[in-house]
Amino acid sequence: MKAIVIERYGSPEVLAVREVADPQPGPAERLVRVQAGGVNFADILTASGKYPSTPKPPLVAGREFAGELADAGPRVMGYTQWGAFAEQVAAHAELLWPVPDNWSMEEAAAFPVNYFTAYLAFWKAGLLEKPAGSRPRLLIHAVAGGVGTAAVEIGKVLGVETYGTSSSEEKLARVKELGLDHGINYQQHDYEEAVKQLTHGEGVDVVFEMLGGEHPVKSVRCLRDFGRVIVYGAATGQPSQLDPRILYAKGASVHGLWLTYLSMKPALMAGAWKQLSEWIAAGFLRPVVGQVLPMDQAASAYQMLLHRANFGKVVLQIK
């Protein structure tokens, strides 16, 4: 079968379409004929050898996909650690979900990583219950990306007041159409100061942080009393500069979230899917697909994420 292979660790140029052996599903796995795959920043880290537990190359890239079950035919979307960007993937049965009838395969391939990450971030933040009083405030970094747009949709369902950072007014305008309340162009404004002005000095209750470097510290400074920062990535490639002593004054906290680990918790994932599927059925959630590229342009797809040139999800067609 054809697959996108990481031939050696390095930049996106290490990706190549190659013929590889068909996967052999284990007892708890199902074989899926893949039609589309969603590209994530974790895929870039995998290609560079910086993602935890990545096998030595060569290996098949990709961690989320949409296609049809090889034995029965129903459309499914799924999550795996690698091996998704291929004509077939052997995936754990508990990490496969039915594709909604009115979704394209490209939309389905944009769902698993973004929406489970966003949902579980809301769970970690204690925001899943609609507030009885004032709306909680949430700052979402990279709000025009895949997890960001998913978080805006979920935040709208939950009645959360959303603040989002992005690199352009055009992107922010498009995310506002999804329900973003306050957009902050970090190219033009320091987002810490912007949050202070927009909240009249009070700050936000929660920050979804995936930048690393100085940003966990800046995000903590954006909080009001007893706020939480949910950290799920380090897109800058820089380790966090966070000194825990900064948390003392506000009683603030920082929480880590790693979908790789949480995906191995069947009860947690089943509960998340139950709620997400109800919101999908009600028409509240639909993945935002910004760009669709053929599989032989995988390197270009990765570069889009690296250079923050994407809006929503970048998806590869697998054929």
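We now turn to the structure provided with this report. (Residues numbered from 1 in each chain as written. Predicted model: local features only at pLDDT ≥ 70, side-chain atom pairs only at ≥ 80, totals over all residues. Heavy atoms only, no water.)

Turning to the overall build of the protein chain, a few remarks are in order. Looking only at helices and strands, the protein chain has ten helices and 16 strands in total. Here the C-alpha radius of gyration of the protein chain, 19 Å, is about what a compact globule of 319 residues would show, namely 20 Å. Along the longest, intermediate and shortest principal axes, the C-alpha atoms of the protein chain span 60 × 40 × 35 Å. By the burial criterion, 53% of the 319 residues in the protein chain qualify as buried. Of the contacts made within the protein chain by residues no fewer than 6 positions apart, 66% connect residues no fewer than 24 positions apart. Counting every atom, the protein chain has about 13,800 Å² of accessible surface; 52% of that belongs to carbon and sulfur. Positive and negative side-chain charges of the protein chain, numbering 30 and 32 respectively, have mean locations separated by a distance of 3 Å. (Helix = DSSP H or I, 4+ residues; strand = E, 2+ residues; numbered from the N terminus. Rg over C-alpha atoms; globule rule 2.2 N^0.38 Å. Buried < 20%, exposed > 50% of the residue type's maximum accessible area, 1.4 Å probe, protein only. Contact = heavy atoms within 4.5 Å. Areas by Shrake-Rupley, 256 points an atom, 1.4 Å probe, with all protein chains shown as cover. Lys, Arg positive; Asp, Glu negative; His and termini not counted. Charge placed at Lys NZ, Arg CZ, Asp CG, Glu CD.)

In this section: the sheet that holds strand 10 (residues 161-166). As summarised here, the arrangement of the six strands in space is 11-10-9-12-13-14, forming an open sheet in which the pairing is parallel. At either margin of the open sheet sits one strand with a lone partner, and together these are strand 11 (182-185) and strand 14 (253-256). With strand direction ignored, the average angle separating the axes of adjacent strands in the sheet is 20°. Sheet analysis places strand 12 (residues 204-209) next to strand 13 (residues 223-231), joined by five bridges and oriented parallel. Across the sheet, the residue bridging to Val 207 is Val 229, located in strand 13. Along the sheet face, helix 6 (residues 191-198) touches strand 9 (137-140), strand 10, strand 11 and strand 12 and points at about 150° away from the line of strand 11. (Pairing = 2+ DSSP bridges. Axes fitted to C-alpha atoms, helices over the stretch in contact; angles between N-to-C directions.)

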